[in-house]
Structure formats: C-alpha cells, structure tokens
Amino acid sequence: MTQKPESKIEIDFLKPDIKKLEMYLSAYTETLDGILKDTVKNTLMAGGKRIRPTLFLICARNKNYDIDYLLPAAASIEIIHTASLIHDDIIDKSILRRGKRTIHQTYDKDTAKFVGDYLFTQTFAILNNYQDTRINIEMSEAAGFLVKGEFNQLRTKKDLYQNEKIYFDKIFEKTSSLFKVSCILGGILSKSSDKDIKNMGRFGEYIGTSFQINDDLIDVDISETSILVGKPVGNDLKQGDITLPFIYGFEDIRFRREIKQILKKGSLSDSDLQKILGLLTETDAIKKTRDKFYEYINMAKDVIEDIDGEERKEGLLKVCESIMNSSRLAK
Ligand code: GRG
C-alpha cells in the first residue's frame, strides 16, 4: 500500500505518554547500527498513527497504570506492526510507506525482508522481559495470524468467487488480530480483571475489523474529495485482492459480467481501473460495505459499556470516532 502519513488519534490523557513512546522508539533506533539503523529509523519514525500502541495504553489505563513499565510493550507492538508493513510493501511492490521510500526500493528485497525479520524477533525479545507467559502466548498467536492472513490473501488473489466469510477470516488474521492483542496485552500488564481483558479483546477485534473495512472503502473512493486529496485508489484490485466492496459488487450480475470482460485482458490499465470503480459505484456495494463497517463500529461501541473505567471508555470511544471520521465513504 502506498499512502501519505495520516494524523494520530488525539486523546488528551495519553498525550504525554505517546510523546514518551516516540522518544522510546527513537532511542531504540539509536541502539541499532549500519543499514539496520538507517532503514528502521526511516520506517519506524516516519509518522505512523500509532493506533495499536494507543489502544494498548488505553486498555492499560486503570489504577495499576505505570507508563515506564508499559512503554517497552507499547513499542514492541508498533515494532511488529512495522515489520509487517515492511514485508507487505515487498509483496505489494509499494514505492512509498508513511511518505518515505520503502526499504526494498532504496536497497533491495532481501535487505527489506531481513529488516522485517529482525524487527519481528525484537518484539519477542522485548516482551520476554516481562516474564509473563500469557503475554508471549497471546503475541505468538497474533503473529501467527498476521502471517496466515497474508498467506490466505496470496492464495485467494484474483478469486472472484470468494465469499464474505473468506474475506472476514482474512481480515481478522491480517489486521484485527493485532488490534485485539494490543488491547489484551494492555489488560494483562495492568492486572485487569479477566472480564475486562476479554471485553477489551472483543473491542480490539471489532474495531480492527471496522478499520480494515474502512481501509478497503477508502481504496475504492473515486469521489471528488478523494481525487482532490490525491489518494491513489484501486490498489487492492491492482494487486488482485478482492475486498468487501467487490464481493458485494459481484452480487450484481451486470457488474460481474462487465468486470469479467475487463479482467480477461490480464493487467489492468488506469482507465480500466477507473471504469471498474465507476461501475462499482453504480451497484449498492458501497452502501452494503458501509453498513458492515457500522455494524462492527456499533459492536465495538456496545462492548465499551461492559468495560470498567471512565478513561478507558472515553479513549475507546475516541478511537471509534476517529475511525468513523477518516473516510468519506463510511459517512
Ligand atoms: C513479519 C510480522 C510479519 C508479518 C508478515 C506481510 C505480513 C506478514 C502481514 C501484513 C499485514 C498487513 C500489512 C495488514 C494490513 C494492516 C493495515 C491496514 C495497515 C495499515 O495500518 P495503519 O493505517 O498504518 O495503522 P500506520 O502507518 O499509521 O501505522
């Protein structure tokens, strides 16, 4: 995926701690040397939204909240996320990430792969220091899902007959699992009740799913506003990834017929893409995808009611609002 850096979620009570996280990550990059330092610094410090460590810190917000204790775990979550982006950029042959040239573009594929692998190991090296088996079990499971999700995405590329279930399984694995574990780890490291940990995990899963649906909606947004912002669209289809708007679009027989004709040609030109996205907006696929997005946002909001703590409730609600505000098509 190629994208411009986007803004962070503003949560007043977390502002000083997000600053500390930035300092921690920056200091971490200084411990590296050579190409590793150059590449990791360039990717990790290039302005990601930090949404996963933000969720982690919100979920850790109870009477046991201790930012110095939590910082390494918050950093480890951003580090594994960054590792996955580096690998994803190799697969997608992306030129830019967080507004900077990707590692495989600046160096080569092998270098990028090893930088991603190295960061992957660092997540566990950091988390091992907590000497809490649950933390390692949860993160290992999420890491396994990340890879499995990407693997399933590869296996189902260009498959026009995939259904909603295949899509939702894939996005749970490649996206929601990391949101979920971020919330769970926040709960565990702040010694929260089992009930809160379970509910925060559910929140993470629902909000992660809505986040990915939103991402998929943004990729088919050919509205004037989106064109003015200069966001590239149609990237998923170019990569052969069949996202929810297309799954719903294919239910329309006219769209299915037309798109099959265009796809028969093999590679997609920009005008093919524009045509397909234009045709998609003539079906009810965008509306149906938007409804699904809200279904998950509302499930996330409902779970908030069952989670203890006013700051947690406020923070998690802000995350929902921020995701709702980030897409014109979701509105
Ligand atoms: C080596 C850990 C590891 C994984 C390899 C390639 C792969 C397996 C997984 C890729 C998973 C992936 C990139 C899913 C997409 C998730 C997504 C929507 C990413 C964008 O996240 P943002 O918007 O990005 O939070 P910023 O830049 O703000 O952090």
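Residues numbered from 1 in each chain as written. Predicted model: local features only at pLDDT ≥ 70, side-chain atom pairs only at ≥ 80, totals over all residues.

1. A closer look at the overall build of the chain
Of the regular secondary structure elements, the chain holds 16 helices and two strands. At 20 Å, the chain has a C-alpha radius of gyration in line with the 20 Å of a compact globule built from 331 residues. Taken along the three principal axes of its C-alpha coordinates, the chain extends 60 × 50 × 35 Å. Within the chain, the fraction of its 331 residues that count as buried is 41%. Within the chain, contacts between residues separated by at least 24 positions form 76% of all contacts whose residues are at least 6 apart in sequence. (Helix = DSSP H or I, 4+ residues; strand = E, 2+ residues; numbered from the N terminus. Rg over C-alpha atoms; globule rule 2.2 N^0.38 Å. Buried ≥ 20, exposed ≤ 12 C-beta atoms within 10 Å, placed from the backbone. Contact = placed C-beta atoms within 7 Å.)

2. Quick look at the site of the ligand
The environment of the ligand is formed by 21 residues, the closest being Gly48, Lys49, His87, Asp88 and Glu150. Counting only elements with at least two residues in the shell around the ligand, the list comes to α4 (67–92), α6 (109–128), α7 (133–155), α8 (164–189) and α9 (194–218). Counting residues per element, the shell around the ligand draws most heavily on α4, at six residues. Grouping the constituent residues of the shell around the ligand by class yields eight nonpolar, six polar and seven charged. (Near = placed C-beta within 6 Å. Nonpolar A, V, L, I, M, F, W, Y, C, P; charged D, E, K, R; others polar.)

3. Thoughts on the packing of α4 against α6
Remark: α4 packs on α6, axes separated minimally by 8 Å, with the N-to-C direction vectors making an angle of 160°. Relative to α6, α4 is oriented roughly antiparallel. Pair α4 / α6 crosses with left-handed handedness. Along its contact with α4, which presents Pro72, Ala73, Ala75, Ser76, Ile79, Ile80, Thr82, Ala83, Ile86, His87 and Ile90, the element α6 presents Lys109, Ala112, Lys113, Val115, Gly116, Leu119, Phe120, Gln122, Thr123, Ile126 and Leu127. (Axes fitted to C-alpha atoms, helices over the stretch in contact; angles between N-to-C directions. Parallel < 35°, antiparallel > 145°, perpendicular 65-115°, else oblique. Left-handed = near helix turned anticlockwise from the far one by under 90°.)

4. Here we look at unusual backbone geometry
A positive phi angle is found at Lys158, which is not glycine, with a value near 60°. Counting through the fold element by element, Lys158 comes out in the loop between α7 and α8. The backbone of Lys191 shows a phi angle near 50°, a positive value even though the residue is not glycine. Take Lys191: it is sitting in the loop between α8 and α9. The exposure class of Lys191 is exposed, given the 11 C-beta atoms found within 10 Å.

5. Overview of the environment of Lys41
Take Lys41: it is sitting in helix α2 (residues 34–44). Separated by 11 residues in the primary sequence, Lys41 and Glu30 place their C-alpha atoms 8.1 Å from one another.

6. Observations concerning α9
Here α9 is 25 residues long and its end C-alpha atoms lie 36 Å apart, about the 36 Å a rise of 1.5 Å per residue gives. Judged by how many residues are buried, α9 sits mostly within the fold: 20 of 25 residues are covered. (Expected span 1.5 Å × (residues − 1).)

7. Focus: the packing of α9 against helix α15 (residues 285–304)
Close contact between α9 and α15 brings their axes to 8 Å; oriented N to C, the two are set at 160°. As judged from the angle between their axes, α9 and α15 are roughly antiparallel. The handedness of the crossing between α9 and α15 comes out as left-handed. Facing α9, whose interface residues are Asn199, Arg202, Phe203, Tyr206, Ile207, Thr209, Ser210, Ile213, Asn214 and Leu217, α15 presents Thr289, Arg290, Lys292, Phe293, Tyr296, Ile297, Met299, Ala300, Val303 and Ile304. Taken together, the residues that form the contact of α9 with α15 break down as 12 nonpolar, five polar and three charged.

8. Brief notes about the environment of Leu146
By the element assignment, Leu146 lies in helix α7. Considered as a pair, Leu146 and Lys265 are 119 residues apart in the sequence and their alpha carbons are 32 Å apart. Excluding residues within four positions of it along the chain, Leu146 makes contact with Ser84, Glu173, Lys174, Ser177 and Leu178.

9. Some remarks on the environment of Leu277
Topologically, Leu277 is positioned in helix α14 (residues 270–281). Accessibility expressed as a C-beta count within 10 Å gives 18 for Leu277, which makes it partly exposed. On a C-alpha basis, the gap between Leu277 and Asp221 in space is 8.0 Å, while along the polypeptide they are 56 residues apart. Once you skip the residues sitting within four places of it in the chain, Leu277 turns out to touch Val220, Ile222, Val233 and Gly234.

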